[in-house]
Amino acid sequence: MLRRRVGSTALAAARYFSAESVAKPALKDGAVSRSAPNAGGGDTLGKRLLSLVYSKRSAVIAIRKWKEEGHKVQKYQLNRVVRELRKLKRYKHALEICEWMNIEDDIKLLSGDYAVHLDLIAKVRGLSSAEKYFEDLPDRLKGQPTCTALLHTYVQHKESSKAKALMDKMSECGFLKNPLPYNHLLSLYISNGQLEEVPGVILELKKNVSPDVFTYNLWLTACASQSDVETAEKVFLELKKAKIEPDWVTYSTLTGLYIKNSLLEKAAFTVKEMEKRVSRKVRGAYSSLITLHSNMGNKDEVRRIWKKMKSHFQKMNDAEYNSMISSLLKLKEFEEAETLYSEWESVSPTGDSRIPNLLLATYINKNRMETAENFFDRMVQRGIKPGYTTWELLTWGYLKQKQLDKILDCFKKAVGSVKKWDPDEKIIREVFRILEEQGHVEGAEQLLVSLRKAGHVNTEVYNLLLRTYAKAGKMPLIVSERMKKDKVPLDDETHNLIKLTSKMRVSEVSSCLS
């Protein structure tokens, strides 16, 4: 049973789980921000903990060693390190520090600390572990901060029913005293496409608390998703009447909405207002500015913002290169995009395949397959590991040329490059279409094997296989038995195709491949 407990710790929890954190760019792994704990000279516990870049290294051992050397360990110091580690997305070490503090008798933890602990458990060990942690807490700690943290976890895992049930319980206990929980729920409904739920949440929020800028930004996002300019402008006027200062996200959302609806004069005004609110502290906003200007066709503005970024920051990160190269390609500045890619290649140590995939997709879309193949070879030689998207792009490229061996090889590597494949029915049907067109039963059987290994074999796949056999004028062996083994039901089309192919000459391909 949740207890009615609302205190000052709610504000601490709000800092940890505020929607504002979405707008703040994460620092690259291994980097230390200017505000990092003990960022100055000399050996400090903060520096030692932040230097543990590899996850196998233990934060607890580092803390114990610090104590053995006769140093004091203070809670505020560790909280700052945890906050910095979370910015860097190094959740394992942050969790280890929280767990160490939890067992230390001389460290007094507040509800906000338990909220952070719960959030980290969810990130490192999953939802069920976070739920168990919450259930095992004493009733006095199941207050607003920990409930909000659990709600945040449900939002992250897109658990709408659990989130709604928890909100109802929090309402019963009087925990909905600020807009943060409502903002979490709004975020969930928007990401799930449940836009019809948004007005009801806004109405309920207004009965209990006043919306904040994050509430209005989420509301505007919902309007933008529905291309509802009229409502969005009413929301913006309400925000101004409430004397809430719009931030860069507010104007970015409005600009995107205006561009989508071809209201370029309004977009030109809001993007200028957005830039007034962009600073080094919100670095991610610059990439948004570049994208918006490219969508408006403003080549000079795109280049100006990029130049401005380079004057502000010593080194561009992958996300920024991604944004700029994408924008240049959109503006059909291909040579400039290729030059910028070479720059990224020379300075970035990450080997993130998403950057070269931008150019690879462009070459394939422009039917420059030889250039795409040479570029792919360059990627591999530079040590960039091809990801799923890389192999999928090549599959589509070879589909255009109907090069079956290369199609099947790239498709096999695509589905094998991910732990769990999210099936793309369009590409499956297209590969089978080419196979059927050529009556290539060997390739169809190879494709079936790849799909089976990926855990995606169904009635449609078998029907596509049978159509290929029918086109080739061949009879597949033991199809019914194989479908039974794969626990795939037969439908009318399956029965008709089996009947049709049973009158054809026997093929030996199926028995050896499947």
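Whatever comes next refers back to the structure up there.
Residues numbered from 1 in each chain as written. Predicted model: local features only at pLDDT ≥ 70, side-chain atom pairs only at ≥ 80, totals over all residues. Heavy atoms only, no water.

A word on the overall build of the protein
Link 1 in the chain: When helices and strands are tallied, the protein shows 30 helices and 2 strands.
Link 2 in the chain: Considering the protein as a whole, with its 514 residues, one finds that 50% of them fall into the buried category.
Link 3 in the chain: Long-range contacts, defined as pairs at least 24 residues apart, comprise 65% of the intrachain contacts of the protein with a sequence gap of at least 6.
Link 4 in the chain: Carbon and sulfur atoms make up 50% of the accessible area of the protein, which totals about 26300 Å².
Link 5 in the chain: Each charge sign in the protein was given a centre, from 85 positive and 65 negative side chains, and these centres are 4 Å apart. (Helix = DSSP H or I, 4+ residues; strand = E, 2+ residues; numbered from the N terminus. Buried < 20%, exposed > 50% of the residue type's maximum accessible area, 1.4 Å probe, protein only. Contact = heavy atoms within 4.5 Å. Areas by Shrake-Rupley, 256 points an atom, 1.4 Å probe, with all protein chains shown as cover. Lys, Arg positive; Asp, Glu negative; His and termini not counted. Charge placed at Lys NZ, Arg CZ, Asp CG, Glu CD.)

Some thoughts on the environment of leucine 150
Link 1 in the chain: Mapping leucine 150 onto the fold places it in helix H9 (residues 144-156).
Link 2 in the chain: Look at leucine 150 and you get buried, because its relative accessible area is 4%.
Link 3 in the chain: Aside from chain neighbours lying at most four places away, what touches leucine 150 is Leu118, Glu131, Phe134 and Leu166.

Regarding unusual backbone geometry
Link 1 in the chain: Not every positive phi belongs to a glycine, and lysine 402 is a case in point at roughly 60°.
Link 2 in the chain: Take lysine 402: it is sitting in the loop between helix H23 (388-401) and helix H24 (404-416).
Link 3 in the chain: For lysine 402, a relative accessible area of 38% gives the class partly exposed.

Some words on the packing of helix H17 (residues 284-295) against helix H18 (residues 299-312)
Link 1 in the chain: Two elements in contact, H17 and H18, have axes whose closest approach is 8 Å; the angle formed by their N-to-C orientations is 165°. Here H18 runs roughly antiparallel to H17, going by the angle between their axes. The two elements H17 and H18 cross, and the hand of that crossing is left-handed. Contacts between H17 and H18 involve Tyr286, Ser287, Leu289, Ile290, His293 and Ser294 from the first element and Glu301, Val302, Ile305, Trp306, Lys308, Met309 and His312 from the second. (Axes fitted to C-alpha atoms, helices over the stretch in contact; angles between N-to-C directions. Parallel < 35°, antiparallel > 145°, perpendicular 65-115°, else oblique. Left-handed = near helix turned anticlockwise from the far one by under 90°.)

Quick look at the packing of aromatic side chains
Aromatic rings in a pair are described by how distant their centres are and how their planes are angled relative to each other.
Link 1 in the chain: Scanning the entire structure with this criterion turns up 9 aromatic pairs.
Link 2 in the chain: Ring centres 5.8 Å apart and planes at 80° place the aromatic pair tyrosine 286 and phenylalanine 313 in the edge-to-face group. In this pair, tyrosine 286 is assigned in helix H17 and phenylalanine 313 in the loop between H18 and helix H19 (318-330), connecting sequence segments 27 residues apart.
Link 3 in the chain: On the accessibility criterion, tyrosine 286 (3% relative accessible area) is buried.
Link 4 in the chain: Pairing tryptophan 306 with tyrosine 321 gives two aromatic rings, centres 5.5 Å apart and planes at 65°, and the pair type is edge-to-face. (Phe/Tyr/Trp six-rings, centres within 6.5 Å; stacked < 30°, edge-to-face > 60°.)

Quick word on the nonpolar core
Link 1 in the chain: In this structure, Leu49, Leu78, Ile97, Tyr341, Leu394, Phe432 and Leu451 are the most contacted members of the largest nonpolar core, which totals 159 residues.
Link 2 in the chain: Here this core gets 9 residues from one element, more than from any other, and that element is helix H13 (residues 213-225).
Link 3 in the chain: In this structure, isoleucine 97 is in contact with Leu49, Ala59, Ile63, Leu78, Val81, Val82 and Leu85, ignoring residues within four places of it in sequence. (Core = buried A, V, L, I, M, F, W, Y, C linked by side-chain atoms within 4.5 Å.)

Regarding helix H25 (residues 425-438)
Link 1 in the chain: Here H25 contains 14 residues, and its C-alpha end-to-end distance of 20 Å stays within 8% of the 20 Å for a straight helix at 1.5 Å per residue.
Link 2 in the chain: Taken together, the buried positions of H25 are Ile427, Ile428, Val431, Phe432, Ile434 and Leu435. Considered in projection along H25, the buried side chains sweep an arc of 155° and stay on one side of the axis.
Link 3 in the chain: For H25, the elements touching its buried residues are H23, H24, helix H26 (441-453) and helix H27 (459-472). (Expected span 1.5 Å × (residues − 1). Arc of directions from axis to C-beta.)

Details of the pattern of salt bridges
Link 1 in the chain: The tally for this structure, following the rule as stated, stands at 40 salt bridges.
Link 2 in the chain: With a shortest N-O distance of 3.1 Å, lysine 406 and glutamate 373 are connected by a salt bridge. Here glutamate 373 lies in helix H22 (residues 369-381) and lysine 406 lies in helix H24, a separation of 33 residues in the sequence.
Link 3 in the chain: The exposure class assigned to lysine 406 is partly exposed, which follows from its relative accessible area of 35%.
Link 4 in the chain: A cluster of three or more residues bridged by salt bridges with shared partners is formed by Lys299, Asp300, Arg303, Glu333 and Glu336. (Salt bridge = Lys/Arg side-chain N within 4 Å of Asp/Glu carboxyl O.)

What to know about the environment of alanine 285
Link 1 in the chain: Looking at where alanine 285 falls in the secondary structure, it is placed in helix H17.
Link 2 in the chain: Distance in space between the C-alpha atoms of alanine 285 and glycine 126 is 30 Å, their sequence separation being 159 residues.
Link 3 in the chain: Those residues in contact with alanine 285, other than ones at most four positions away along the chain, are Trp248, Met274 and Val278.

Side note on the packing of helix H16 (residues 264-276) against H17
Link 1 in the chain: One can describe the packing of H16 onto H17 by two numbers: an axis separation of 11 Å at closest approach and a directional angle of 165°. Classified by the angle their axes make, H16 and H17 are roughly antiparallel. In terms of crossing hand, the pair formed by H16 and H17 is left-handed. Here H16 contributes Val271, Met274 and Glu275 to the contact with H17, which in turn contributes Ala285, Ser288, Leu289, Leu292 and His293.
Link 2 in the chain: Of the residues belonging to the contact of H16 with H17, the class tally is 5 nonpolar, 2 polar and 1 charged. (Nonpolar A, V, L, I, M, F, W, Y, C, P; charged D, E, K, R; others polar.)

What about the environment of alanine 242?
Link 1 in the chain: Structurally, the position occupied by alanine 242 is in the loop between helix H14 (229-241) and helix H15 (248-260).
Link 2 in the chain: With a relative accessible area of 40%, alanine 242 lands in the partly exposed category.
Link 3 in the chain: Once the C-alpha coordinates of alanine 242 and glycine 455 are considered, the two residues, 213 residues apart in sequence, prove to be 53 Å apart.

Read these as spatial facts, not as claims about activity.
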